Amino acid sequence: MFDKFSTFMDEKLSTPMAKLAEQRHLRAIRDGIIATLPLIIVSSMFMVIAFLPNSMPADWGITQFIAANQTKILLPYRVSMYIMTLYAVFGIGYSLANSYDLDGLSGGILAELGFLLTIIPASIGAPSEAVAALAAENADLANYLATVPSGFVLPMGNLGSAGMFIGILVAFFAVEVYRFTQKSGFKISMPPQVPSSVARSFESLTPTAIVLIVVATITMFLGINVHAIVGNIVSPLIKATDTLPSVLVLIFLVTFFWSFGIHGVSIVGSLARPLWLVLLEENTTAFAAGAAVTNIAAEPFYQWFIWIGGSGATLALALLFAFRAKSAYGKALGKTSLVPSIFNINEPMIFGAPIVLNPMLIIPFIIAPMVNGIIAYLLTSAGMVNAVVASAPWTLPGPIGAFLACGNDWRAALLNIALILLDIVIYYPFFRMYDANLLADEQEEA
């Protein structure tokens, strides 16, 4: 019965969904955003350092030093994660162009050009004569005016998560224009003797002109605010992603696909990660500004309170195999999988137990993270644990990662530990039955 069901799911759902995850445009989004993760993780650590004084004694020298230099410490964050869409767009264009066997560098540059053309520079005029006269008599006003830039400045707001979706769309448009000019021959071709790098530059002239003229006409000459339009369209979707029902649906989908050997996070993450990043960047921006942090279900929330030890919250199962198994195979599996599980690497457990196509372990594999999600969401929404504001390296042990991700909140570390203990309770009866079966098989073979 279970074999028939698993075959049906593989043919009718798992395989089509795996193919969907590999669709070139979705893969380009995934590759482009994943390419920004080192920036997000490293810059998040600057955020953590900048706000260490919130959780340290005020009379410590290091606390006073950090507080006095907080603005400078946050600058790396402001030119990395704060404008992450600027980096992601290049990666998306590069990946999509490569998928069409086009020059990836040209695709990335065209995508970046198109995106920047949607960011309208603002002109800051010189102070009026009246203001200048006042400044001549007021030193504070004169000092302030000296810090105000003049000429054109580039607003940074839409270079971050607020511009993510328009960045994705413009990257697609730019690369598709590039592809059209290459396939149709509507380009400037150079003789074979010309170096390939020079030839590629001339071939990119036509798509560059098209992208520049079309996007500039829409955003600059016609004055259409594409960011506001797209923002209004996707705003309900972003809000829906931050709800408990959405959290539970995503948890179920990830664990369901893993149950049949399909990388659940790869499939679900391809669709949800842009939304997760928007939620995280909004939290980070609010945290840096000292404002209220309101979003709960950003990606680090899943990492530190749901996928403890990896998808399915399998650190608990690794602990049970390591310390409670009676079967020889279970003991060996526990010894080999425990250390990777502590650092959130659980493929040895998923394929070693195995959990894949194993009805006895699939049940807690799905239930445990869903229980984690409900508890963590309710506690965070009640203010008993800080919402996530940073993306700590995913290979950190759970309590440490939770502490850092929640802005140095010790309550987050305690919640992580409590959820591990709860997961052990959930897994235990199923583990005990499975280990008993393994032991019986070993005694029978002996």
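Our structure's up above, just so we're on the same page.
Residues numbered from 1 in each chain as written. Predicted model: local features only at pLDDT ≥ 70, side-chain atom pairs only at ≥ 80, totals over all residues. Heavy atoms only, no water.

### What to know about the overall build of the protein
Rules: Only DSSP runs of H or I reaching four residues or more are called helices, and only runs of E reaching two or more are called strands; each is numbered from the N terminus. Burial here depends on accessible area, computed with a 1.4 Å probe over protein chains only, as a share of the maximum for the residue type. Under 20% is buried, over 50% is exposed, and the range in between is partly exposed. Residues are treated as being in contact if the distance between any of their heavy atoms lies within 4.5 Å. The method behind every accessible area is Shrake-Rupley, applied with a 1.4 Å probe, and residues are considered shielded solely by the protein chains displayed. Just so you know, the count uses Lys and Arg for positive and Asp and Glu for negative, and it drops His and the chain ends. In plain terms, the charge of a residue is placed at NZ if it is Lys, CZ if Arg, CG if Asp and CD if Glu.
Helices and strands together make up the secondary structure of the protein, namely 22 helices and two strands. Viewed in the frame of its principal axes, the protein has a C-alpha envelope of about 90 × 70 × 40 Å. For the protein, the proportion of its 446 residues judged to be buried stands at 47%. Of the contacts formed within the protein by residues at least 6 apart in sequence, a portion of 75% connects residues at least 24 apart. When the accessible surface of the protein is summed, it comes to about 21,000 Å², and 69% of that surface belongs to carbon and sulfur atoms. For the protein, the distance from the average site of its 20 positive side-chain charges to the average site of its 26 negative ones is 6 Å.

### Comments concerning the nonpolar core
Condition: As used here, the term nonpolar core means buried Ala, Val, Leu, Ile, Met, Phe, Trp, Tyr and Cys residues forming a set that is joined through side-chain atoms within 4.5 Å.
Core analysis: the biggest nonpolar cluster contains 113 residues, and Phe-301, Tyr-302, Phe-305 and Phe-321 have the highest contact counts within it. Ranked by the residues each element gives to this core, the list is headed by helix 10 (residues 164-184), at 11 residues. Beyond its immediate sequence surroundings of up to four residues, Tyr-302 is in contact with Ser-246, Val-247, Leu-250, Ile-251, Trp-276, Ala-297 and Trp-307. If you look at the next biggest cluster of nonpolar residues, it comprises five residues, including Phe-256, Phe-257, Phe-260 and Ile-267.

### Quick notes on unusual backbone geometry
The omega torsion across Ala-353 and Pro-354 is -15 degrees, close enough to zero to call that bond cis. Of note, Pro-354 is situated in the loop between helix 19 (347-352) and helix 20 (359-381). One non-glycine residue, Asp-101, lies in the positive phi region at around 60 degrees. One can find Asp-101 in the loop between helix 6 (84-99) and helix 7 (104-116). Phi at Asn-408 takes a positive value of approximately 65 degrees, unusual for a residue other than glycine. Summarising the element assignment, Asn-408 is placed in the loop between helix 21 (398-405) and helix 22 (410-445). Take Asn-408: its relative accessible area is 4%, and that puts it in the buried class.

### Thoughts on a nonpolar patch on the surface
Applied cut-off: By definition, no residue in a patch forms a salt bridge, and every one has over 30% relative accessible area; like charges are joined within 9 Å, nonpolar side chains (Val, Leu, Ile, Met, Phe, Trp, Tyr) within 5 Å. The salt bridge definition used is simple: a Lys or Arg side-chain nitrogen within 4 Å of an Asp or Glu carboxyl oxygen.
On the surface, Phe-173, Val-214, Ile-218, Leu-222, Ile-224, Ile-229 and Ile-233 cluster together into a nonpolar patch covering about 590 Å² of accessible area. Those elements that provide at least two residues to the nonpolar patch are helix 12 (205-221) and helix 13 (226-241). Summarising the element assignment, Ile-229 is placed in helix 13. Residue Ile-229 is classed as partly exposed on the basis of its relative accessible area of 44%.

### Examining the packing of aromatic side chains
Here is the rule: The aromatic pairing rule takes the rings of Phe, Tyr and Trp, using the six-membered ring of Trp, and pairs them if the centres are within 6.5 Å, calling planes under 30 degrees apart stacked, those over 60 edge-to-face and the rest tilted. Here, a charge over a ring is recorded when the distance from Lys NZ or Arg CZ to the ring centre is within 6 Å and its angle to the ring normal is within 35 degrees.
The final tally for this structure, using the stated rule, is 12 aromatic pairs. For the pair Phe-252 and Phe-256, a centre-to-centre distance of 5.6 Å together with 25 degrees between the ring planes defines the contact as stacked. Taken as a pair, Phe-252 and Phe-256 lie in helix 14 (residues 244-259) at a separation of four residues, close to a single helical turn. One aromatic cluster in this structure is built from Trp-276, Phe-301, Tyr-302, Phe-305 and Tyr-377. Geometry around Tyr-82 places Arg-78 over its ring, the cationic atom sitting 5.8 Å from the centre.

### A look at the pattern of salt bridges
A full pass over the atoms with the stated rule returns four salt bridges. Among the salt bridges present, the one from Arg-273 reaches Glu-299, with a minimum N-O distance of 2.9 Å. One end of the pair, Arg-273, is in helix 15 (residues 264-288); the other, Glu-299, is in helix 16 (residues 299-305), and 26 residues separate them in sequence. A salt bridge links Arg-411 to Asp-409; the nearest nitrogen and oxygen atoms lie 3.1 Å apart.

### Quick word on the packing of helix 17 (residues 315-324) against helix 22
Selection rule: What counts as an axis is a line fitted to C-alpha atoms, over the stretch in contact for a helix, and the angles between N-to-C directions run from 0 to 180 degrees. Angle categories are assigned with fixed cut-offs, so that under 35 degrees is roughly parallel, over 145 is roughly antiparallel, 65 to 115 is roughly perpendicular, and the rest are oblique. With the far helix as reference, a near helix turned anticlockwise by less than a right angle produces a left-handed crossing, and one turned clockwise produces a right-handed crossing. Residue polarity follows a fixed list, in which Ala, Val, Leu, Ile, Met, Phe, Trp, Tyr, Cys and Pro are nonpolar, Asp, Glu, Lys and Arg are charged, and the others, Gly among them, are polar.
At a closest axis distance of 8 Å, the pairing of helix 17 and helix 22 adopts a crossing angle of 50 degrees. For the element pair helix 17 / helix 22, the angle class is oblique. When you trace helix 17 past helix 22, the crossing you get is right-handed. Contact with helix 17, carried on its side by Leu-315, Ala-316, Leu-317, Leu-319, Leu-320, Phe-321 and Arg-324, involves Ile-420, Asp-423, Ile-424, Tyr-427, Tyr-428, Phe-431, Tyr-434, Asp-435 and Leu-438 of helix 22 and no other residues of that element. Here the residues of the contact of helix 17 with helix 22 sort into 13 nonpolar, no polar and three charged.

### Examining helix 9 (residues 139-147)
Operational definition: Polar contacts, as counted here, are pairs of nitrogen or oxygen atoms within 3.5 Å of one another; within protein the pair requires one atom able to donate a hydrogen and one able to accept it, and residues that are adjacent in sequence qualify only if both atoms are side-chain atoms.
Little of helix 9 sits out of view: just zero of its nine residues are buried. Between the side-chain oxygen at the start of helix 9 and the backbone nitrogen of Asp-140 there is a gap of 3.0 Å, and the oxygen is on Asn-138.

### What about the packing of helix 2 (residues 24-35) against helix 10?
Relative to each other, helix 2 and helix 10 sit at 120 degrees, their axes nearing to 11 Å. Accordingly, the angle class assigned to the pair helix 2 and helix 10 is oblique. For the crossing formed where helix 2 meets helix 10, the hand is right-handed. Here His-25, Ile-29 and Ile-33 of helix 2 come into contact with helix 10, specifically with Met-164, Ile-168, Phe-172 and Glu-176. Residues of the contact of helix 2 with helix 10, tallied by class, amount to five nonpolar, one polar and one charged.

### So, helix 7
Defined as follows: Given a helix with a known number of residues, its expected span is that number minus one, times 1.5 Å.
End to end, helix 7 covers 18 Å across 13 residues, agreeing with the expected 18 Å (1.5 Å per residue, within 8%). Burial in helix 7 covers these residues: Gly-104, Ser-106, Gly-107, Gly-108, Leu-110, Ala-111, Glu-112, Gly-114 and Phe-115. Where helix 7 is buried, its residues touch helix 6, helix 10, helix 12 and helix 13.

### Quick notes on the side chain of Ser-204
Relative to the elements of secondary structure, Ser-204 occurs in the loop between helix 11 (196-203) and helix 12. Non-local contacts of Ser-204, meaning those with residues more than four positions away in its chain, are made with Ser-106 and Tyr-178.

### Points about the environment of Asp-423
Assignment of secondary structure puts Asp-423 in helix 22. The exposure class assigned to Asp-423 is buried, which follows from its relative accessible area of 1%. Separated by 109 residues in sequence, Asp-423 and Thr-314 have C-alpha atoms that sit 8.2 Å apart. Discounting chain neighbours no more than four positions away, the residues touching Asp-423 are Ile-308, Ala-313, Ala-316, Ala-368 and Asn-372.

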